[in-house]
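Spelled out from the first residue to the last, the chains are:
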Amino acid sequence: MIELSKISVSLKGDKGRVDVLKDINLKLEKKKLYVMTGPNGGGKSSIAKTIMGIYQPAKGQILLDGADITNKSIDERARLGIGYAFQQPPRFKGMKVRDMIRMAEGYEDYNTQCSLLYDVGLCSRDYLDREMNASLSGGEMKRIEIASILARDLKVAVFDEPEAGIDLWSFQRLTETFIDMNEKYDTTIIIISHQERILRLADEVILVKDGEIEEITSQEKILDDIGRLDSDCSCRKSCTREGKANADCYR
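Rules of the game
- Residues numbered from 1 in each chain as written.
- Predicted model: local features only at pLDDT ≥ 70, side-chain atom pairs only at ≥ 80, totals over all residues.
- Heavy atoms only, no water.
- Helix = DSSP H or I, 4+ residues; strand = E, 2+ residues; numbered from the N terminus.
- Contact = heavy atoms within 4.5 Å.
- Core = buried A, V, L, I, M, F, W, Y, C linked by side-chain atoms within 4.5 Å.
- Buried < 20%, exposed > 50% of the residue type's maximum accessible area, 1.4 Å probe, protein only.
- Polar contact = N/O pair within 3.5 Å; in protein donor to acceptor, adjacent residues only side chain to side chain.
- Pairing = 2+ DSSP bridges.
- Axes fitted to C-alpha atoms, helices over the stretch in contact; angles between N-to-C directions.
- Patch = residues over 30% accessible without salt bridge, like charges linked within 9 Å, V, L, I, M, F, W, Y side chains within 5 Å.
- Areas by Shrake-Rupley, 256 points an atom, 1.4 Å probe, with all protein chains shown as cover.
- Salt bridge = Lys/Arg side-chain N within 4 Å of Asp/Glu carboxyl O.
- Phe/Tyr/Trp six-rings, centres within 6.5 Å; stacked < 30°, edge-to-face > 60°.
- Lys, Arg positive; Asp, Glu negative; His and termini not counted.
- Charge placed at Lys NZ, Arg CZ, Asp CG, Glu CD.

## As for the environment of Tyr-118
Line of reasoning, step 1. Counting through the fold element by element, Tyr-118 comes out in helix α4 (residues 110-119).
Line of reasoning, step 2. When the C-alpha positions of Tyr-118 and Ser-170 are compared, they lie 9.2 Å apart, and in sequence the two are 52 residues distant.
Line of reasoning, step 3. Each residue touching Tyr-118, except ones within four places of it in the same chain, is listed here: Trp-169 and Arg-173.

Spelled out as structure tokens, the structure:
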């Protein structure tokens, strides 16, 4: 289990420091799949980066299986079993895809590497010997990074908008992969997403807004709320008719 207790994070902005997270309290259990959703800029990625150690909290405490990891570095947290798939994966000139997967957990076996890539919609024959450079699209980079996350036996796995840049077939494979991962391992899975098909995978949905946890609820309730907003909202009509959206409409 990973627990965030009274976590606050402030970052340096153009006009001084800005509070991006305010008194966050979360208890996330092992073998559960959580989907974090909410408005853009609401703090979802900031929570994920705080869990990984990319952001250090101004106050509060982070516990992993009861042990305090608040001051642990990114590398130390990775060794403890926390993994993070970036919204925009980094590129590594000179490194091949097979090297990336091998680094994750030492997989040398071709069949295992092939299986990991297949789970994210890539053919090993076409990708294992390619360099992780500008020749790969953003969507391809995202899938390779997710494969490297799946290669590790993690306690906590965080995926920041994994569906971004992925085609429909690969997206279907990806949702199946998350289901399999949830069934096979004790990993706490946290997915940041607005996609309905991802929301339907959730054991619980965490709604984040204005740097705070607004609600922790069921997938049924959040999907019902979204459906009600869709039926009541005039955004699409306004956009089509007037070229502008109703600013009060949240989606």
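Structure's up, so let's keep going.
## So, the nonpolar core
Line of reasoning, step 1. In terms of nonpolar packing, the biggest core is built from 40 residues, with Leu-117, Met-132, Phe-159, Phe-178 and Ile-191 touching the most fellow members.
Line of reasoning, step 2. In this view, Met-132 contacts Arg-91, Phe-92, Lys-93, Met-95, Lys-96, Val-97, Met-100, Met-141 and Ile-144; residues no more than four positions away in its chain are not counted.

## Focus: the side chain of Thr-175
Line of reasoning, step 1. Structurally, Thr-175 can be placed in helix α7 (residues 168-184).
Line of reasoning, step 2. Of note is the side chain of Thr-175, whose polar atom sits 2.7 Å from the backbone oxygen of Gln-172.
Line of reasoning, step 3. The residues touching Thr-175, leaving out its near neighbours within four places in the chain, are Arg-197, Ile-198 and Leu-201.

## Some details on the sheet that holds strand β1 (residues 2-13)
Strands pair in a sheet through their backbones, by hydrogen bonds, and they do so in one of two ways: parallel or antiparallel.
Line of reasoning, step 1. Read across the open sheet, the four strands follow the order β2-β1-β4-β5; overall the sheet is antiparallel. If you trace the sheet from one side to the other, it starts and ends with β2 (16-28) and β5 (67-68), each paired once.
Line of reasoning, step 2. Here β1 runs beside β2; their pairing, made up of nine bridges, is antiparallel. Bridge pairing links Leu-4 to Leu-26 in β2.
Line of reasoning, step 3. Running over the sheet, helix α1 (residues 44-52) touches β1, β2 and β4 (59-64) and is turned about 75° from β2.

## Points about a nonpolar patch on the surface
Line of reasoning, step 1. A cluster of nonpolar side chains, contributed by Ile-54, Ile-74 and Phe-86, occupies part of the molecular surface with about 210 Å² of accessible area.
Line of reasoning, step 2. Residue placement: Ile-54 occurs in the loop between α1 and β4.

## Some words on the pattern of salt bridges
Line of reasoning, step 1. Here the structure, examined in full by the defined rule, presents five salt bridges.
Line of reasoning, step 2. Linking Asp-65 and Lys-155 is a salt bridge whose minimum nitrogen-to-oxygen distance equals 3.2 Å. Of the two residues, Asp-65 sits in the loop between β4 and β5 while Lys-155 sits in the loop between α6 (138-150) and β9 (156-160), which places them 90 residues apart along the sequence.
Line of reasoning, step 3. Overall, the relative accessible area of 40% leaves Lys-155 in the partly exposed class.
Line of reasoning, step 4. Arg-130 serves as the salt-bridge partner of Glu-140, at 3.9 Å between the closest nitrogen and oxygen. Of this pair, Glu-140 sits in helix α6 while Arg-130 sits in the loop between α5 (124-127) and β8 (131-132), and the two are ten residues apart along the sequence.
Line of reasoning, step 5. What makes Glu-140 buried here is its relative accessible area of 12%.
Line of reasoning, step 6. When its relative accessible area of 26% is taken as the criterion, Arg-130 is described as partly exposed.

## Considerations on the packing of aromatic side chains
Line of reasoning, step 1. Per the counting criterion, the structure on display carries one aromatic pair.
Line of reasoning, step 2. Their ring planes at 70° and their centres at 4.9 Å tell us that Phe-159 and Phe-178 sit as a pair that is edge-to-face. Pair noted here: Phe-159 is in strand β9 and Phe-178 is in helix α7, with a separation of 19 residues, a long-range link.
Line of reasoning, step 3. The class of Phe-178 is buried, set by a relative accessible area of 0%.

## Some details on a negative patch on the surface
Line of reasoning, step 1. Negative charge collects at one region of the surface, where Asp-23, Asp-210, Glu-212 and Glu-214 lie side by side.
Line of reasoning, step 2. Tracing the chain through its elements places Asp-210 in the loop between β11 (204-209) and β12 (212-217).
Line of reasoning, step 3. Its relative accessible area of 53% is what places Asp-210 among the exposed residues.

## Structural notes on the pairing of β4
Line of reasoning, step 1. Pairing geometry for β1 and β4, over five bridges, is antiparallel. Within β4, the residue paired with Ile-2 across the bridge is Leu-64.
Line of reasoning, step 2. With two bridges joining them, β4 and β5 adopt antiparallel strand pairing. The partner of Leu-63 across the bridge, within β5, is Asp-68.
Line of reasoning, step 3. Where β4 folds back onto β5 in an antiparallel hairpin, the turn is made up of two residues, including Asp-65, whose phi is positive at roughly 50°.

Geometric values such as these leave the question of function open.
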